[in-house]
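Each chain, written out:
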Amino acid sequence: MKRVVITGAGTINALGADVPATLEAMREGRCGIGELDFPDVDRLSIRIGGQVRGYDPVARFNRQQLALYDRFTQFTLIAAREAIGQAGLEFNGELAARTGVILGNSGGGMTTLDENYRTVYEEGKNRVHPFVVPKLMNNAAASHLSMEFNLKGPTFTVSTACASSNHAMAQAFQMVHGGLTPVMVTGGSESMLCFGGVKAWEGLRVMSRDACRPFSANRNGMVQGEGAAIFVFEDLEHARKRGAEILAEVVGFAMTSDASDIVMPSKQGAARAIAGALRDARVNREEVGYINAHGTGTAANDKTECAAVADVFGAHADKLMITSTKSMHAHLIGATGAVELLACIMALRDGVIAPTIGYEEPDPECALDVVPNEAREAKVEVALSNAFAFGGLNAVLALRRFA
Amino acid sequence: MSSIQDRVIEIIAEQAVLEPSDISLDSTLEELGIDSLGLVESIFAIEEAFDISVPFNANEPEKSDFDISSVRSIIAGIERLIAEQA
């Protein structure tokens, strides 16, 4: 089996318009959550989110492109340009034919849907723009990414709600690991921050009106974010031959289904995914120094996740660090695992653990080292990234420091 | 006020797949087999029926200014909200 390494990373999210800005914000424990700004926000009861600010689409894309690119596609391409630029790969011939794109996404072109529903239902118009369908489809971002970079291998979008990116990256890992292709472009993108997107979430009554405070006893719900993160996964030998810089190694993953409830998480399902990833990666639990938690800041997730971690790691659970960076960039739903992988790379490569900010009161049901409020320096050999989705679908990735 | 009570019991009964006559004022939602999703759905139905807004966050039901410990407390809460929001 091939060893799989990450040779490029790119992002745009509420913390920054690229990877260095995002990692700097994570190191400083900065919060990207603020007042939402879009039409009809005054009709929402939830008015905060991790919105991408200071972003001018016209500076990045031309008029023809913007007619076809929903916000989630725009974010994807911005992140992909950074990732592929860092990897330094050009896709021609055999490499182009084999390299594909697997992305996670949950809502598709939610802003496009919202705007066009408004056109037909609210404004009573009987005509919509001809590109509504190609703009809103969930695979639009993966397709445009493949077109921009001439990637002609296996390309598709995975949609498993909050675990979409982890499922997608696990698939990409598997393809490189199995020797199907030397390179895959993977990650996730999401943009649900529009009136209809937030209104739908509001209905479930799990959203916080003031902050995302994972693991804190006074947490009161999740906060939505938007953005994308894209990675280049590459066969180690292929990367070595061309002298590529290696950010980290992906060593394994596991996926499970709770098969129990459409929204309530299950400790067993989460624990099986965590334990499965360790087994797949052939790492001892004592080697794990950092877990990027799913850590949504809801009452249900955080205590279930901590119980699952305690079950899998036993006494070692008290020695490892587990943080939720959603406290800073908010919950990017289908893109969240991708943005959170950046925190794992920072832990492994830079030896800096992104904190759980907004932490105010210890919760006895979440009694792990959540690195409250301030980043910490620590040498980490193995990091895990958890994602536990609505629908009871779990995906955990394992990464190792590349030395 | 009894019409509010009847209507709330109807909504809860529908959610619990029971007859309204099977619902006692002292029943808890748990006893009636209504889980967290059922509760959120019932609150939505109540908001729609009475055109009110019920302050309820599923993350902190005990902190919400709305007591869901029994059918009786739910009815009392709704009567209060209707009076306040009238």
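Residues numbered from 1 in each chain as written. Chains lettered and ligands numbered in written order. Predicted model: local features only at pLDDT ≥ 70, side-chain atom pairs only at ≥ 80, totals over all residues. Heavy atoms only, no water.

Observations concerning the domain arrangement of chain A
All names here are of chain A.
- Segmentation of chain A into domains returns domain 1 (4–241) and domain 2 (253–400).
- Listed per partner, the contact involves 62 residues of domain 1 and 64 residues of domain 2.
- With both sides pooled, the region where domain 1 packs onto domain 2 buries about 4,500 Å², and carbon together with sulfur makes up 72% of that total.
- Taken as a group, Met 26, Cys 162 and Phe 215 account for 19% of the area that domain 1 buries against domain 2, more than any other trio of residues on that side.
- Run the count over domain 1 and domain 2 and you get three salt bridges.
- Where domain 1 touches domain 2, the interface holds 16 residue pairs in polar contact (both at pLDDT 80 or more).
- Among the elements of the structure, strand S1 (4–13), helix H1 (19–28), helix H9 (164–177), strand S6 (183–190) and strand S7 (227–235) are those that each provide at least two residues to the side of domain 1 that touches domain 2.
- The leading source of residues in the side of domain 1 that touches domain 2 is H9, at nine residues. (Domains from an automatic or database assignment. Contact = heavy atoms within 4.5 Å. Buried area = accessible area lost by both parts, 1.4 Å probe. Salt bridge = Lys/Arg side-chain N within 4 Å of Asp/Glu carboxyl O. Polar contact = N/O pair within 3.5 Å; in protein donor to acceptor, adjacent residues only side chain to side chain. Helix = DSSP H or I, 4+ residues; strand = E, 2+ residues; numbered from the N terminus.)

What to know about the packing of aromatic side chains
Residue and element names in this part refer to chain A.
- Applying the stated rule across the entire model yields five aromatic pairs over all chains.
- The interplanar angle of 85° and the centroid separation of 5.3 Å between the aromatic rings of Phe 61 and Tyr 69 together place this pair among those described as edge-to-face.
- Exposure remark for Phe 61: the relative accessible area of 3% places this residue in the buried category.
- Ring centres of Phe 173 and Phe 253 lie 5.9 Å apart, and the angle between their planes is 80°; on these two criteria the pair is classed as edge-to-face. Note that Phe 173 is positioned in helix H9 and Phe 253 in strand S8 (residues 248–257), a separation of 80 residues in sequence. Assigned by exposure class, Phe 173 and Phe 253 land together as buried. (Phe/Tyr/Trp six-rings, centres within 6.5 Å; stacked < 30°, edge-to-face > 60°. Buried < 20%, exposed > 50% of the residue type's maximum accessible area, 1.4 Å probe, protein only.)

Remarks on the pattern of salt bridges
Residue and element names in this part refer to chain A.
- Under the defined criterion, the tally for this structure stands at 27 salt bridges over all chains.
- Salt-bridge contacts for Arg 118 lead to Asp 114; the nearest nitrogen and oxygen are separated by 3.2 Å. Taken together, the positions of Arg 118 and Asp 114, both in helix H6 (residues 110–122) and four residues apart, correspond to about one turn of that helix. Here Arg 118 and Asp 114 have matching classes, each one buried.
- In this structure, the salt-bridge partner of Glu 234 is Arg 242, at a minimum N-O distance of 2.7 Å.
- Using a relative accessible area of 0% as the deciding quantity, one classes Glu 234 as buried.

Digging into the side chain of Thr119(A)
- With respect to the secondary-structure elements, Thr119(A) resides in helix H6.
- Residue Thr119(A) is classed as buried on the basis of its relative accessible area of 15%.

Quick look at H6(A)
Residue and element names in this part refer to chain A.
- Under the 1.5 Å per step criterion, the end-to-end length of H6 is 17 Å for 13 residues, consistent within 8% with the ideal 18 Å.
- Buried-residue contacts for H6 involve helix H4 (71–87), helix H7 (132–136) and helix H10 (195–203).
- Where H6 terminates, the next one or two residues include Gly 124, which has phi positive at roughly 70°. (Expected span 1.5 Å × (residues − 1).)

A closer look at helix H12 (residues 267–281) of chain A
Residue and element names in this part refer to chain A.
- With 15 residues, H12 extends 21 Å from end C-alpha to end C-alpha; this agrees with the ideal 21 Å at 1.5 Å per step.
- For H12, every residue scored as buried is listed here: Gly 269, Ala 270, Ala 271, Ala 273, Ile 274, Gly 276, Ala 277, Leu 278 and Ala 281.
- Contacts from the buried residues of H12 go to S8, strand S9 (288–292), helix H13 (299–313), strand S13 (382–389) and strand S14 (393–400).
- One side-chain oxygen of the residue at the start of H12 lies 3.2 Å from the amide nitrogen of Gln 268, identifying that residue as Ser 266.
- Phi turns positive one or two residues past the end of H12, at Arg 282, with a value near 55°.

Thoughts on the interface of chain B and chain A
- The partner chain A presents 15 residues to the 12 residues of chain B that form the contact.
- Carbon and sulfur atoms make up 45% of the area that chain B and chain A hide from each other, which totals about 970 Å².
- If you sort the residues of chain B by the area they bury against chain A, Leu37(B), Val40(B) and Asn59(B) come out on top, with a joint share of 50%.
- Of the charged contacts in the structure, one is a salt bridge between Glu47(B) and Arg205(A), with a shortest N-O distance of 2.6 Å.
- Joining chain B to chain A, the criterion identifies eight residue pairs in polar contact (both at pLDDT 80 or more).
- Across the side of chain B that touches chain A, the residue classes break down as six nonpolar, three polar and three charged. (Nonpolar A, V, L, I, M, F, W, Y, C, P; charged D, E, K, R; others polar.)

What to know about the sheet that holds S13(A)
Residue and element names in this part refer to chain A.
- Strand order in the open sheet formed by 10 strands is S5-S4-S6-S7-S1-S8-S14-S13-S9-S10, and the pairing between neighbours is mixed. Strand pairing shows two members of the sheet lacking a second neighbour, strand S5 (155–158) and strand S10 (321–323), which therefore form its edges. Direction aside, the axes of adjacent strands within the sheet are offset by 25° on average.
- One ladder, built from five bridges, connects strand S4 (residues 100–104) with S6; its direction is parallel. Bridged to Gly 104 within S6 is Gly 188.
- Most of the contacts of H12 go to S8, to which it runs at about 145°, and overall it touches S8, S9, S13 and S14. (Pairing = 2+ DSSP bridges. Axes fitted to C-alpha atoms, helices over the stretch in contact; angles between N-to-C directions.)

A short note on the environment of Leu37(B)
- Within the element layout of this structure, Leu37(B) appears in helix H2 (residues 36–50).
- Considered as a pair, Leu37(B) and Val8(B) are 29 residues apart in the sequence and their alpha carbons are 17 Å apart.
- Ignoring sequence-local partners within four residues, the contact set of Leu37(B) consists of Leu204(A), Ile262(A) and Val263(A).

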